Amino acid sequence: MFEGSTDKFDFTDIEGRKKMGRNDEDGGCRMSGASGFLMVLLAIAIAVGVGLIVHFAGNQKELNCNCQCGPAEGVVTMAPGFLTETCKAKAVLGNQELCGLCPERTTTPSMSTTLGMRTASTMPNTTMPPTSSPHPITDTRLPTSVKPLHYELNLRPEMYNDKPETFTFNGTVAIKVECKSPTDNITLHIATQNLTTTPTVEASDNTEVSPVVLHTTRDVTRQFLIMTLDKPLVVGNQYVIQLAFEDRLSNTVLLGMYVSTYRDEAANMTKYMTATQFEPTYARHAFPCFDEPAFKATFDIKLERQPHIISLSNMPLVSSVTMGDGYVADHFDVSVTMSTYLVAFVFGELESVKNVTENNVLFGVYTTPQNINQTAFALNLGSRLLDTFEEYFNISFALPKLDNVGLPDFVYGAMENWGLMTYREVFLLNVEGVTTTYDMEFSAEVLSHEIVHSWFGNLVSPAWWDDIWLNEGFATFLSFLGVDRVVPEWGMMDLVNLYIIQPVMDVDSVESIVPIFREAYTPDQILALFDIITYYKGCGVIRMMWFFLGPETFRKGLERYLNEKAYGNGAHDDLWASLQTQAVNDGKTDFDIKSVMDSWILQTNYPVVTVRKVNGGLYLNQSRFLLQSNNNTDFAGYSWTIPFTYTTDQKLNYDQSANNVLWMAPNTQVYATDASISKMNGWVIGNIQHYGYYRVNYEQENWNALITQLKTDYTKIHVVNRGTLISDLWALFKAGQADLVTAWDMLTYLQYETEFIPWQYASSELVYPNNMLTRRPAYGNFERFVLSLLEGRSLNVSLNDNRPTQQRSLSKLIFSLSCRYGVPECATRAKQLFNDWKNSGTLIPPDVKESVFCRAIKEGGEEEWNYMYDVYLNGPAVEQAGALASLGCTSRAWIISRYLDYILDPSKIRKQDAPRAFTSLLRNTNAFYQTFEYILAKWEFIVVDYQLDVNALNTIVSTAAAGMFTEYEMKKIENWRDEIHPDGAANLSGFDVALNRISVNMEWHNKYYERVAQWLENYVGSGP
């Protein structure tokens, strides 16, 4: 799954880590009301007894109690931990029957029932579902007493009027399961569907009498459907669970099975599609199922539709049969074994383009009819990427076809459903003279990311969601590798560090951050795993491993892992074992992969390596890097196994390999012997091409020598290291570990720099002082400082720019900075380009289009804003994102007010675009406070009624705090968290991020504002 936004955070504690949530209990056990009453009496007695025992005996025994009852169906609901604690008490008393606290239930045969639409899930002679626990739950895993083998799924959406709020769907599912251990109940997942008939369980063995379903209970908190049987299932035998269901199609939440809307301009009407988004835990919202990644099965899918639309699913269409009521039943081939989250289907009026890859896979791209002529880029590049990854993994794509469907409404960037990948439609579109260089690169990366998942995620899936980083981290890294193999002239393996790794290092430098690997139980916790740490830090440590293993050992190790786990599930330890075996086979025995990589995925943050030159060598030390710390911060408990590399002004060796790695063991100073190094002369650079996920600091003399080199001949330093020198130095400056003057002085060399990557690093670093100074008197000099770096830069841009992509990206960046910081020529040029486009249709050079749009909205009024809003609604799909971004550039208060209301009206701003619309306003100085107060006033509606997901909410909160630095503002965020955030809503880690960020900002102002203001005054006064 490709996240459209990566400003998503979740924070937990790594202390006392152990593998949790792997429910291996056989079936479940139940408690009747009478038994519950006895349990209460027993609890009172035990409480007294335990107190006496503890008083006299102390904690003499080490207890390991694994007693667990399944979801209770009786009227008594015990407090969390009650059974475990009572079990321990019985052990202390010497009772060996530790799990005898789950008494046999009493049951009454149930009658046939039908549930009404969205009513309470009650059945005759069946208990009410248990109420939600007031405490966080962790026992959310399904029992493993039965294993799903095969699904026969039949679905029909009813979506054929002009009132999407009335759309529904209905269906049936037959699930063949195998009994793995004795049980007299079956538990699977269900969300809001209503069962329309009584579930049945049929024995596949004709000699066995089928069990009867006595009771069904819905555990709403865990989204369980529990079917109690009249007798135990037989181990080794197979059974078929039959369920019929119905529900409403969501037209507000773009998860599960939902409605997507688009405007057909040719027909002058609004049209509707039905699509799915099941990852991570939303297959259960479409059909009852065993909705965990380890419960893999095959799927036989039949979709019923009206004749004027088509349906698509994971596998090729086998037959289409017209039914008696005029509907058409599309029957698809049986799938390979896969997880429920990879199942997908789409209904709608779609058109396609297709070709056959070199390895005979039918590769298709589907969009709404008006956009199909913009898909040639996706079709051609996607086909080549599929061939490339088949060659790379040396494993054939498992299916005969791969469809890629563009959807007008899609909550994420894209989704890797096996054989039916779905995307925001714009990511599949490319128009020459309209699509920007960055959008072209980004679309290629998204395509590559999803195709990689066909191996990492689909062929081998995580055993549980805590290892989802194996899916997303590998897909992120390999997406750049794949595009680089297909179009090497783009330089994507240089850009991965700029676009992916540096942004996450900024996020990963606060104490409240999470590690890559962490536990998750509930759907909200699982969804929160899909964050910047999972995707970007996961990518960063994988790229580091790719380097120290060597590309070919890495590739062969992945091939080994995928073959060993094909059509099954894996965990990170399985991957480490496969890679270690391959490394040993290739003669690489100087490291233990598990020890190395566990230090990076189980700990938060990352190290900074301090380099000290002496005559004839280097001393290297590591420490935990944090932007802010206090007396309680733990530094000693954090240490990593680091693959360190370096070069010097005498060697200039930037083309290094695994053979050049100098290993730094945890908690150990390292000395590197090198006769070419002089303490007083020359310079050294560590972390060549930033292959390692760490920062490097130097003594002041070395920083000075590096800056002198940049100013005299920057080409002596690799372009990636020129960028990361800026990033490292500025991070160290913000953390109080590097000199202020040094950090600002390094930026002055940019007046000579001609490459995109260093300029983009610098631009990213300038965002922070821009935020800190924008409301302070020093901002004027800050603007003049930036303008001095831009002096003499050309703002000429052309429509058909055939220069290398990174040169085009540099022109875009220079134009954007020039407009932002008030270069008069840029304002004039932008106004001319906008008016020519608006009045006569003259195309704007695509790479400067967003800057032109923003400038026009900022300086214009209602006419310009309304025009851009119409482009967002009705313009070409490839221009809609730029139009949306520009709407937040307005400085007119009444337009801001109207726009804020639009954002929460999905008929005016698509719900998937709401987070970006809010953040664009929050980043606009003129709109910030008006937007902030509006969000506070509407927060309960946004959370409860509008139902933005937790990641979107975290993005809004953290963005709001980015420029705050006062006690008053900190109290506003605390009040937002404590008083305004609705009771019962998901806890948002974004509040912790926001408060931590404000604390860092306050410290920066207290320590550095006056000194920065003085440096800027001196620089501007003296001239560059």
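Residues numbered from 1 in each chain as written. Predicted model: local features only at pLDDT ≥ 70, side-chain atom pairs only at ≥ 80, totals over all residues. Heavy atoms only, no water.

(A) Structural context of the environment of lysine 679. Topologically, lysine 679 is positioned in the loop between strand S28 (670-673) and strand S29 (684-686). Sequence spacing of lysine 679 and glutamate 701 is 22 residues, and the spatial spacing of their C-alpha atoms is 9.1 Å. When near neighbours in sequence (up to four residues on either side) are disregarded, lysine 679 contacts Lys613, Val614, Asn615 and Glu699. (Helix = DSSP H or I, 4+ residues; strand = E, 2+ residues; numbered from the N terminus. Contact = heavy atoms within 4.5 Å.)

(B) Region of interest: helix H17 (residues 805-820). For H17, with 16 residues, the first-to-last C-alpha span of 23 Å sits near the 22 Å given by 1.5 Å per residue. Across the 16 residues that make up H17, a large majority, 13, are buried. Looking one or two places after H17, you find glycine 822, whose phi comes out positive at around 90°. (Expected span 1.5 Å × (residues − 1). Buried < 20%, exposed > 50% of the residue type's maximum accessible area, 1.4 Å probe, protein only.)

(C) Representation of the sheet that holds strand S17 (residues 362-367) within the structure. Strand order in the open sheet made by the five strands is S16-S17-S18-S20-S19, with mixed pairing throughout. In the strand order of this sheet, the two ends are held by strand S16 (351-356) and strand S19 (414-415), each with one partner. With five bridges joining them, S17 and strand S18 (residues 401-407) adopt parallel strand pairing. In the sheet register, phenylalanine 363 faces S18, and the bridge partner there is leucine 402. Against the sheet, helix H3 (residues 376-393) makes contact with S16, S17 and S18, and its axis sits at roughly 145° relative to S17, the strand it touches most. Sitting on the sheet, helix H4 (residues 437-452) touches S17, S18, S19 and strand S20 (420-424), and the angle it makes with S20 is about 150°. (Pairing = 2+ DSSP bridges. Axes fitted to C-alpha atoms, helices over the stretch in contact; angles between N-to-C directions.)

(D) Just the sheet that holds strand S7 (residues 224-229), in detail. A sheet is described by the order of its strands in space; here three strands give the open sequence S3-S7-S6, paired in antiparallel fashion. Either end of the sheet is taken by a strand with one partner, and the two such strands are strand S3 (185-189) and strand S6 (213-219). Neighbouring strand axes in the sheet, compared pairwise and without regard to direction, differ in orientation by 15° on average. When S3 meets S7, the two strands line up antiparallel, connected through five bridges. The residue of S7 that forms the bridge with leucine 188 is leucine 225.

(E) Molecular detail of the state of the cysteines. Counting across every chain of the model gives two disulfides. Note that cysteine 819 is cross-linked by a disulfide to cysteine 826, the S-S spacing being 1.9 Å. For the disulfide bridge between cysteine 819 and cysteine 826, the dihedral angle about the S-S bond is near -80°, and by the sign convention the bridge is left-handed. Looking at cysteine 819, the relative accessible area reads 5%, which means it is buried. Each sulfur of the disulfide joining cysteine 854 and cysteine 889 lies 2.0 Å from the other. Disulfide cysteine 854 to cysteine 889: torsion about the S-S bond roughly -110°, handedness left-handed. Of this pair, cysteine 854 sits in helix H19 (residues 849-859) while cysteine 889 sits in the loop between helix H21 (877-887) and helix H22 (893-903); the two residues are 35 residues apart in sequence, bridging distant segments of the chain. With relative accessibility at 26%, the residue cysteine 854 sits in the partly exposed group. (Disulfide = S-S within 2.5 Å.)

(F) Seen up close, the packing of H3 against helix H5 (residues 468-486). Two elements in contact, H3 and H5, have axes whose closest approach is 9 Å; the angle formed by their N-to-C orientations is 110°. With respect to H5, the element H3 is oriented roughly perpendicular. Every residue of H5 that contacts H3 at Leu381, Arg384, Leu385, Thr388, Phe389, Glu391, Tyr392 and Phe393 is listed here: Leu478, Leu481, Gly482, Val483, Arg485 and Val486. Broken down by class, the residue content of the contact of H3 with H5 amounts to nine nonpolar, two polar and three charged. (Parallel < 35°, antiparallel > 145°, perpendicular 65-115°, else oblique. Nonpolar A, V, L, I, M, F, W, Y, C, P; charged D, E, K, R; others polar.)

(G) Layout of H22. Those residues of H22 that sit buried are Ile895, Ile896, Arg898, Tyr899, Leu900, Tyr902 and Ile903. The inward-facing, buried residues of H22 abut helix H20 (862-874), H21, helix H23 (914-922) and helix H24 (928-945).

(H) Structural context of the nonpolar core. Ranked by internal contacts, the top residues of the largest apolar core, which has 319 residues, are Phe287, Phe290, Leu478 and Phe554. Among the elements that make up this core, the one with the highest residue count is helix H27 (residues 990-1022) (14 residues). Look past the residues within four positions of phenylalanine 287 in its chain and what remains in contact with it is Tyr151, Leu153, Val173, Gln193, Phe245, Phe278, Phe299 and Val343. (Core = buried A, V, L, I, M, F, W, Y, C linked by side-chain atoms within 4.5 Å.)

(I) How the structure looks around the environment of phenylalanine 456. Note on placement: phenylalanine 456 falls in the loop between H4 and strand S21 (460-462). According to the relative accessible area criterion, phenylalanine 456 is buried, its value standing at 2%. In this view, phenylalanine 456 contacts Phe393, Leu470, Asn471, Phe474, Leu558, Tyr561 and Leu562; residues no more than four positions away in its chain are not counted.

(J) Highlighting the confidence of the model for the protein chain. Put simply, the protein chain has an average pLDDT of 87, and 87% of its residues get 70 or more. Here residues 5-134 is a poorly scored stretch, pLDDT under 50, and it has 218 contacts once near neighbours within four places are set aside; other chains count. (pLDDT = per-residue confidence, 0-100.)

(K) Summary view of the pairing of strand S13 (residues 317-322). Sheet analysis places S13 next to strand S14 (residues 328-332), joined by five bridges and oriented antiparallel. Bridge pairing links threonine 322 to valine 328 in S14. Once S13 ends, the chain turns through five residues before running back antiparallel as S14, passing glycine 326 with a positive phi of about 90°.

(L) Region of interest: unusual backbone geometry. Residue glutamate 279 is joined to proline 280 through a cis peptide bond whose omega torsion reads 0°. Looking at where proline 280 falls in the secondary structure, it is placed in the loop between strand S10 (269-277) and strand S11 (298-305). Even without glycine at this site, asparagine 394 takes up a positive phi of about 60°. By the secondary structure assignment, asparagine 394 is in the loop between H3 and S18. Positive phi, close to 60°, is recorded for glutamine 947, a residue that is not glycine.

(M) Main features of the pairing of S18. Within S18, seven of the seven residues are buried, which leaves the element mostly enclosed by the surrounding structure. Residues Lys401, Asp403, Val405 and Leu407 line one face of S18 and the alternating positions Leu402, Asn404 and Gly406 line the opposite face, and both faces are buried. In the classification by handedness, the crossover that spans S17, the intervening H3 and the parallel S18 is left-handed. Across five bridges, S18 lies against S20 in parallel orientation. Along S20, the bridge assignment pairs asparagine 404 with methionine 421. (Right-handed = clockwise from strand over helix to strand, strands pointing away.)

(N) How the structure looks around the environment of alanine 827. Its place among the elements puts alanine 827 in helix H18 (residues 824-840). For alanine 827, a relative accessible area of 16% translates into the label buried. Taking the C-alpha atoms as reference points, alanine 827 and phenylalanine 815, 12 residues apart in sequence, are found 9.8 Å from one another. The contacts of alanine 827, once residues within four sequence positions are left out, are Arg855 and Glu859.

(O) Expanded view of the pattern of salt bridges. For the structure on display, the rule yields 38 salt bridges. The residue arginine 695 makes a salt bridge to aspartate 506 at a minimum N-O spacing of 3.3 Å. Linking arginine 695 in strand S30 (residues 695-698) with aspartate 506 in helix H6 (residues 492-507), this pair joins segments that are 189 residues apart in sequence. Lysine 908 is the partner of aspartate 905 in a salt bridge, and the nearest nitrogen-oxygen pair spans 3.4 Å. On the accessibility criterion, aspartate 905 (24% relative accessible area) is partly exposed. (Salt bridge = Lys/Arg side-chain N within 4 Å of Asp/Glu carboxyl O.)

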